[in-house]
Number of protein chains: 2
Amino acid sequence: MSITAERRIREKEAMRTNILTTAWHIVKEEGWQSLSIRKIADAIQYSVPVIYDYFENKEAILLEFGKQGFERVIAELKAAKASSSDPAEQLKAIADAYWAFAFANKEYYQLMWGMSAPSCEMDKCMPERSVFRDLVMASIIEIIEKANPGDAENNACLKYHTFWSILHGLISIKMVAPADDTEQLNKLVLDDAITGFIKNLKS
Amino acid sequence: MSITAERRIREKEAMRTNILTTAWHIVKEEGWQSLSIRKIADAIQYSVPVIYDYFENKEAILLEFGKQGFERVIAELKAAKASSSDPAEQLKAIADAYWAFAFANKEYYQLMWGMSAPSCEMDKCMPERSVFRDLVMASIIEIIEKANPGDAENNACLKYHTFWSILHGLISIKMVAPADDTEQLNKLVLDDAITGFIKNLKS
DNA sequence: TACTTTTGCTAACACTGTTAGGTAAAGGAA
DNA sequence: TTCCTTTACCTAACAGTGTTAGCAAAAGTA
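Bear in mind the structure is a predicted one, so any value in this text is a computation, not a measurement.

What am I meant to see in the overall build of chain A here?
Secondary structure summary: chain A contains nine helices and zero strands in total. Taken across its 203 residues, chain A has 47% of its residues classed as buried. In chain A, once contacts between residues fewer than 6 apart in sequence are set aside, the share between residues at least 24 apart is 67%. Carbon and sulfur atoms make up 52% of the accessible area of chain A, which totals about 10300 Å². Distance from the positive charge centre (24 side chains) to the negative charge centre (29 side chains) of chain A: 3 Å.

Laid out in structure tokens, this is it:
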């Protein structure tokens, strides 16, 4: 490969990330609803069709952000799990990390869980979501089984589903209808549930 | 009021409901994303601006459906509560009714909880959602307190939040990423939680 | 009959996502 | 350097979207 070809690949990559970061700025300031190809083109000072040299269509851009979101939250959940070896602490850390991610990056969360604009088609094009689910499920079930070694396998599965639906439920309720006085209450709900999952702990 | 004026009011009302039912058909067949004023106008065989004589804008139409959705689900939850006097049965009936409503009317549920197209602005224009929340909260807390007369008031509130976040969490997870093998598991999660809320029952 | 209100339309504006087709620059080969 | 091909980029357009201005015809009222 010639020297110029390398530079051109580099430039192409730079343009791609330029488009993405510019789009992200727009979304952060105006929300998913008002992200448009023309706004991106204006912001990067190129004409509209240039965008289509780097992304097949608008959905491809959204998909890229969806991927990013899942990658980031997976990383943070792994870190949270690794922050302790005590099952209850691990579950609390995971809940905290997921909660923090959701509200520090509402745009990601909205996109990932279909709470933004054109997310109906997101389903098929989002293997990341399935990967995320399986990963989280396995990880949490492992924690719960470690804490309750005598339990049947079904039981851990049940507790995982309960844990995860509480977490996701609290977050998505708060995200769609924010009420300011439920902060402590929500923490309490989670803590209560977690200690419930662990109360058969051997030690 | 003259006789013709009565008829004209009646006709105006008929046109309004015609617009709404036509829009509902479109949504049922093609989803929220592809509901447009022009499609409605085509379907009712009128020109586009006629729609604006009956609704201020598109959002007003969506809002009307949102209102409808909340009214219906409130009615069904009331019926569910009235179907028994045993607290555990009441909670189960409520969970069942809410679950059934969500999946029998996905379009309503998506609109009501911001899982469709232009729902970001829905917040301000949706007192129905607050009314619904307060009503359900009071109703469920009453059931839980009846079952656990010795408990502190806080405890019932906690249990309500847990119950509702599990219910909403399970539903919205299943709605955005449908997995077919979780039907029984989800029921089990709910039943388990409910018996947990009631286990201090006096009788 | 004359006047007013309502009803409904055509046409347009300002946006969307997307693409066809052309131009000029850049890269590689002789 | 010259020729050719590829890439980069643009203008202009198409088919949609929500929304509105302005006009013609019908209906109601006096």
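There is more to say after this.
Any chance you could explain the interface of chain A and chain B here in plain terms?
You'll often see interface size given as the accessible area lost when the parts meet. Facing 34 residues of chain A, the contacting portion of chain B comprises 34 residues. At the junction of chain A and chain B, the tally comes to zero salt bridges. At the junction of chain A with chain B, the criterion picks out zero residue pairs in polar contact (both at pLDDT 80 or more). Of all the secondary-structure elements, those providing two or more residues to the side of chain A that touches chain B are helix 7 (127-147), helix 8 (153-176) and helix 9 (183-198) of chain A. Of the residues forming the side of chain A that touches chain B, the biggest block, 13 residues, is contributed by helix 8 of chain A.

For this particular structure, what's the right way to read the protein's contact with DNA strand C?
For DNA strand C, the set of nearby residues contains 21 residues, the closest of which are A:Arg7, A:Arg38, A:Lys58, B:Arg8 and B:Ser47. Among the atoms of DNA strand C close to the protein, meaning within 4 Å, 65% are from sugar or phosphate groups. At 3.0 Å from a phosphate oxygen of DNA strand C is found a side-chain nitrogen or oxygen belonging to A:Tyr52. For the surface near DNA strand C, the class distribution of residues is nine nonpolar, five polar and seven charged.

Can you help me understand the protein's contact with DNA strand D in this one?
Taken together, 21 residues are adjacent to DNA strand D, and A:Arg8, A:Ser47, B:Arg7, B:Arg8 and B:Arg38 come closest. The sugar-phosphate portion of DNA strand D accounts for 65% of its atoms within 4 Å of the protein, the bases making up the rest. Contact distances for DNA strand D include 2.7 Å between a base nitrogen and a side-chain N or O atom of B:Arg38. A distance of 2.8 Å separates a phosphate oxygen of DNA strand D from a polar atom in the backbone of B:Lys58. Elements represented by at least two residues in the surface near DNA strand D include exactly helix 1 (3-30) and helix 3 (48-54) of chain A together with helix 1 (3-30), helix 2 (37-44) and helix 3 (48-54) of chain B. The residue makeup of the surface near DNA strand D, split by class, is nine nonpolar, five polar and seven charged.

Help me understand the side chain of B:Lys174 in this model?
Residue and element names in this part refer to chain B. In this structure, Lys174 sits in helix 8 (residues 153-176). According to the relative accessible area criterion, Lys174 is buried, its value standing at 14%. Within polar-contact distance, the side chain of Lys174 engages the side chain of Thr182 at 3.4 Å.

What is the right way to look at the UniProt feature "DNA-binding region" (unreviewed entry) in chain A in this model?
Within the UniProt annotation, "DNA-binding region" (unreviewed entry) is assigned to residues 36-55 of chain A. Between the C-alpha atoms that bound residues 36-55 of chain A the distance is 13 Å, and the span itself is 75% helix and 0% strand.

Is there a simple way to explain helix 7 (residues 127-147) of chain B in this structure?
In an α-helix, one full turn covers 3.6 residues, which means residues spaced three or four apart are oriented alike. Its 21 residues place the ends of helix 7 of chain B 31 Å apart at the C-alpha level, agreeing with the 30 Å of an ideal helix rising 1.5 Å per residue. In this structure, the buried side of helix 7 of chain B is in contact with helix 8 of chain A together with helix 4 (58-82), helix 5 (87-104), helix 6 (106-112), helix 8 and helix 9 (183-198) of chain B.

Please clarify how helix 2 (residues 37-44) of chain A should be interpreted in this entry.
Residue and element names in this part refer to chain A. For helix 2, every residue scored as buried is listed here: Ile37, Ile40, Ala41 and Ile44. End-on, the buried residues of helix 2 take up no more than an arc of 100°, which puts them together on one face. Exposed residues on helix 2 whose side chains face more than 90 degrees from its buried face are Arg38 and Asp42. Once helix 2 finishes, Gln45 follows within two positions and takes phi at roughly 60°, a positive value.

How should the relation of the copies chain A and chain B be read in this particular structure?
The transform that puts chain A on chain B rotates by 180° and translates by 0.0 Å along the axis, for an RMSD of 0.0 Å. This pairing of chains is accounted for by a two-fold axis. Of every C-alpha in chain A, the one belonging to A:Gly169 sits nearest the axis of rotation, 1.8 Å from it. Taken together, the interface assignments show that 100% of the residues at the interface of chain A recur at the interface of chain B, consistent with an identical surface on both copies.

Is there a simple way to think about the UniProt feature "domain: HTH tetR-type" (unreviewed entry) in chain A in this case?
If you check UniProt for "domain: HTH tetR-type" (unreviewed entry), the listed places come out as residues 13-73 of chain A in our numbering. Secondary structure across residues 13-73 of chain A comprises 80% helix and 0% strand; the distance between its end C-alpha atoms is 24 Å.

Would you take a moment to explain the pattern of salt bridges for this structure?
A side chain of one charge can pair with a side chain of the opposite charge when the charged atoms of the two come close. The final tally for this structure, using the stated rule, is 14 salt bridges over all chains. A:Lys81 is the salt-bridge partner of A:Glu142, the closest N and O atoms lying 3.4 Å from each other. Placement of A:Glu142 in helix 7 and of A:Lys81 in helix 4 (residues 58-82) is noted, with a sequence separation of 61 residues between them. Residue classification places A:Glu142 among the partly exposed positions, given a relative accessible area of 48%. For B:Lys174, the salt bridge is made with B:Glu183, and the minimal N-O distance between the two is 3.8 Å.

Rules used throughout
Residues numbered from 1 in each chain as written. Chains lettered and ligands numbered in written order. Predicted model: local features only at pLDDT ≥ 70, side-chain atom pairs only at ≥ 80, totals over all residues. Heavy atoms only, no water. Helix = DSSP H or I, 4+ residues; strand = E, 2+ residues; numbered from the N terminus. Buried < 20%, exposed > 50% of the residue type's maximum accessible area, 1.4 Å probe, protein only. Contact = heavy atoms within 4.5 Å. Areas by Shrake-Rupley, 256 points an atom, 1.4 Å probe, with all protein chains shown as cover. Lys, Arg positive; Asp, Glu negative; His and termini not counted. Charge placed at Lys NZ, Arg CZ, Asp CG, Glu CD. Salt bridge = Lys/Arg side-chain N within 4 Å of Asp/Glu carboxyl O. Polar contact = N/O pair within 3.5 Å; in protein donor to acceptor, adjacent residues only side chain to side chain. Near = heavy atom within 4 Å. Nonpolar A, V, L, I, M, F, W, Y, C, P; charged D, E, K, R; others polar. UniProt positions renumbered as here; feature names shortened; annotations may be inferred. Expected span 1.5 Å × (residues − 1). Arc of directions from axis to C-beta. Least-squares fit on C-alpha atoms with pLDDT ≥ 70 in both.

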